[in-house]
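Structure assessment
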Amino acid sequence: MERVYNFAAGPSTLALPVLERAQKEMLCYGSTGMSVMEMTHRSKMYTDIYDAAVAELKTLMAIPDNYEVIFMQGGATLQFSGVPLNMMVKGVADYVDSGNFAHLAAEEAKRYGQVNVIASSREDNYTYIPEVKNFTEGADYVYITTNNTIYGTRYTAIPKCASPLVADMSSNILSEVYNMNDFGVVFAGAQKNIGPSGLCIMIIRKDLLGNAMPACPKLMDWKVEVEKGSMYNTPNTWGIYMAKLTFDWLIENGGVAEMEKRNIEKAKLLYDCIDNSKLFKNTVKPEFRSRMNVTFVTGDKDKDEAFVKAATAAGLMNIKGHRAVGGMRASIYNAMPIEGVKALVDFMQKYEAQAK
Ligand SMILES: *Cc1c(COP(=O)(O)O)cnc(C)c1O
């Protein structure tokens with residue numbers, strides 16, 4: 001059985017060397033005589049894996065010493081609650097509504113305090129990143145989503161604001177170089193660019209810890225998790241191990257700067273194909289095009305469906321767009337090799353030529 005090219009938005013394709021190493025180590029990790037899944041999280045054999053995962057992420061993202069890294073559960077969505085529960089000290093926060101997940105996060109935060117939606121592209125079907133200004137003076141934080149997975153847009157500039165900036169980086173973490181000092185908190189569900197679902201990577205500036213509301217569940221209190229090394233309860237040990245294998249792979253392949261270079265090249269191939277096509281078009285404002293999630297449509301539902309079906313038959317899997325937008329979406333995260341993008345482009349060109 002040959003592996004297909006998997007363009008799913010998440011869980012999504014992982015780097016083959018990562019999967020092969022997990023397979024090799026499945027029954028016996030090093031000289032431990034057991035699988036990582038069978039290790040107690042309190043053992044040195046496991047805490048060595050955990051410590052290495054934290055250290056490697058710090059290296060990859062050049063995370064300064066005044067930030068903590070923790071691994072939480074509940075995916076990215078639990079932090080839609082975790083952010084206000086840990087940060088709404090004064091009870092007011094600014095949100096930018098740039099996509100479905102940003103919208104959900106703002107809606108959730110309303111349960112805990114006042115949410116000011118300071119910019120939104122919701123009325124325009126999220127086809128661009130709205131201009132972010134008009135910050136609320138003294139807001140507890142400003143919340144953005146750096147890449148909009150469903151609509152296929154990305155921030156090209158990170159807003160500068162006086163309040164700490166919180167970023168949901170679920171669908172583009174480790175895909176481009178960021179300056180961590182621009183952010184107070186970064187979080188990301190692992191299943192797009194890192195590893196298995198359910199795991200959430202969190203990077204938190206130290207001065208923002210210790211403000212959890214009294215009602216905040218202890219398991220969601222960032223300070224508790226920092227103090228316990230992500231082990232207030234049993235962590236997602238396997239997920240953290242898989243994340244570490246991806247971090248190893250990233251380091252071996254030149255790190256985030258090299259990934260960014262490759263991602264620009266991959267995205268350009270696909271957008272050029274779409275722009276040169278008479279059948280397909282991309283509907284987001286070009287300057288905000290995502291490098292991770294490339295959306296396109298024919299403009300006709302039946303034609304979209306026929307294309308998705310043909311692509312699937314050709315081994316180009318999961319390019320159906322999100323149910324909220326329809327059309328097609330090719331997610332081309334770090335682990336998607338350029339060969340996969342070339343195969344898709346080649347298929348699109350041949351398909352269009354035949355459709356004439
Ligand atoms: C996928 C995604 C989420 C949701 O992640 P879960 O792990 O399913 O909770 C949140 N935000 C963004 C930007 C995403 O891409």
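Remember, it's a predicted structure, so these values are computed and weren't measured experimentally.

What follows concerns helix α4 (residues 100–109). Within α4, the full set of buried residues consists of Ala102, His103, Ala105, Ala106 and Ala109. One face of α4 carries all of its buried residues, which in axial projection span an arc of 160°.

The bulk of non-glycine residues show a negative phi, and the bulk of peptide bonds are trans. A cis geometry characterises the amide bond from Gly10 onward to Pro11, with omega recorded as -10°. Along the chain, Pro11 falls in the loop between β1 (5–6) and α1 (16–24). With a phi close to 45°, Ala62 is a non-glycine residue in the positive phi region. With respect to the element layout, Ala62 can be found in the loop between α2 (44–60) and β2 (67–73). Unusually for a residue other than glycine, Ser230 sits at a positive phi of about 65°. Judged by relative accessible area, Ser230 falls into the buried class, the value being 1%.

This next bit is on the pairing of strand β9 (residues 185–189). In terms of residue burial, β9 counts as a mostly covered element, since five of its five residues are buried. Burial along β9 is two-sided: Val185, Phe187 and Gly189 facing one way and Val186 and Ala188 facing the other are all buried. In this sheet, β9 lies alongside strand β8 (residues 165–168) in parallel orientation, the contact comprising three bridges. Across the sheet, Val166 pairs through a bridge with Val185, a residue of β9. In this structure, β9 lies alongside strand β10 (residues 199–205), joined through five bridges in antiparallel fashion. Residue pairing across strands places Ala188 opposite Ile201, the latter belonging to β10.

Another aspect to go through is the pairing of β10. Counted residue by residue, β10 has six buried out of seven residues, so it is predominantly covered. Bridging between β2 and β10 involves seven bridges; their strand directions are antiparallel. Directly across from Met72, in β10, lies its bridge partner Cys200.

A common measure of how large an interface is: the accessible area buried when the components associate. Taken domain by domain, the chain consists of domain 1 (17–252) and domain 2 (256–355). Counting residues at the interface gives 24 residues for domain 1, matched by 24 residues for domain 2. The contact between domain 1 and domain 2 buries some 2100 Å² in all, and 58% of this surface belongs to carbon and sulfur atoms. Arg291 is the salt-bridge partner of Glu176, the closest N and O atoms lying 3.9 Å from each other. Along the contact surface separating domain 1 from domain 2 lie 11 residue pairs in polar contact (both at pLDDT 80 or more). Breaking the side of domain 1 that touches domain 2 down by element, the ones donating at least two residues are β6 (147–148), β7 (153–154) and α6 (237–252). Of the residues in the side of domain 1 that touches domain 2, the class split is 10 nonpolar, 11 polar and three charged.

We now examine the site of the ligand. Around the ligand sit 13 residues in total, of which Thr77, Thr149, Asp168, Gln191 and Lys192 are the nearest. Backbone polar atom of Ala76 to an oxygen atom of the ligand: 3.1 Å apart, as the coordinates give it. Thr149 places a polar side-chain atom, nitrogen or oxygen, 2.4 Å from an oxygen atom of the ligand. Computed on the free molecule, the ligand has an accessible area of 390 Å², of which 86% lies beneath the protein chains in the complex. Each residue belonging to the shell around the ligand can be placed in one class, and the counts come to three nonpolar, eight polar and two charged.

Now for the packing of aromatic side chains. According to the stated counting rule, one finds 14 aromatic pairs in the structure shown. When the ring of Phe307 is compared with that of Phe347, the centres are 5.7 Å apart and the planes differ by 45°; the resulting orientation is tilted. Residue Phe307 is found in helix α8 (residues 301–313), and its partner Phe347 is found in helix α9 (residues 338–355); the two are separated by 40 residues along the sequence. The burial state of Phe307 is the same as that of Phe347; both residues are buried. An aromatic cluster of three or more residues is present, and its members are Phe280, Phe296, Phe307, Phe347 and Tyr351. The positively charged end of Lys285 is found above the aromatic ring belonging to Tyr128, 4.2 Å away from the centroid.

Attention now goes to the layout of surface pockets. When its volume is computed, the largest pocket comes out at roughly 230 Å³. For the largest pocket, the full set of lining residues is Arg3, Val4, Tyr5, Asn6, Thr13, Leu14, Leu16, Gly315, Ala335, Met336 and Pro337. Residue composition of the lining of the largest pocket, by class: seven nonpolar, three polar and one charged.

For the rest of this paragraph, the subject is the side chain of Ser81. Relative to the elements of secondary structure, Ser81 occurs in helix α3 (residues 78–87). Residue Ser81 is classed as buried on the basis of its relative accessible area, which comes to 11%. In this structure, Ser81 is in contact with Glu108, Tyr112 and Met220, ignoring residues within four places of it in sequence.

The rules behind these values
Residues numbered from 1 in each chain as written. Predicted model: local features only at pLDDT ≥ 70, side-chain atom pairs only at ≥ 80, totals over all residues. Heavy atoms only, no water. Buried < 20%, exposed > 50% of the residue type's maximum accessible area, 1.4 Å probe, protein only. Helix = DSSP H or I, 4+ residues; strand = E, 2+ residues; numbered from the N terminus. Arc of directions from axis to C-beta. Pairing = 2+ DSSP bridges. Domains from an automatic or database assignment. Contact = heavy atoms within 4.5 Å. Buried area = accessible area lost by both parts, 1.4 Å probe. Salt bridge = Lys/Arg side-chain N within 4 Å of Asp/Glu carboxyl O. Polar contact = N/O pair within 3.5 Å; in protein donor to acceptor, adjacent residues only side chain to side chain. Nonpolar A, V, L, I, M, F, W, Y, C, P; charged D, E, K, R; others polar. Near = heavy atom within 4 Å. Areas by Shrake-Rupley, 256 points an atom, 1.4 Å probe, with all protein chains shown as cover. Phe/Tyr/Trp six-rings, centres within 6.5 Å; stacked < 30°, edge-to-face > 60°. Lys NZ or Arg CZ within 6 Å of the ring centre and 35° of its normal. 1 Å grid on protein atoms, 1.4 Å probe; cavity = no way out; pocket = protein on both sides within 12 Å on 5 of 7 lines; lining within 4 Å. Points joined across faces, edges and corners; volume = space filled by probe spheres on them.

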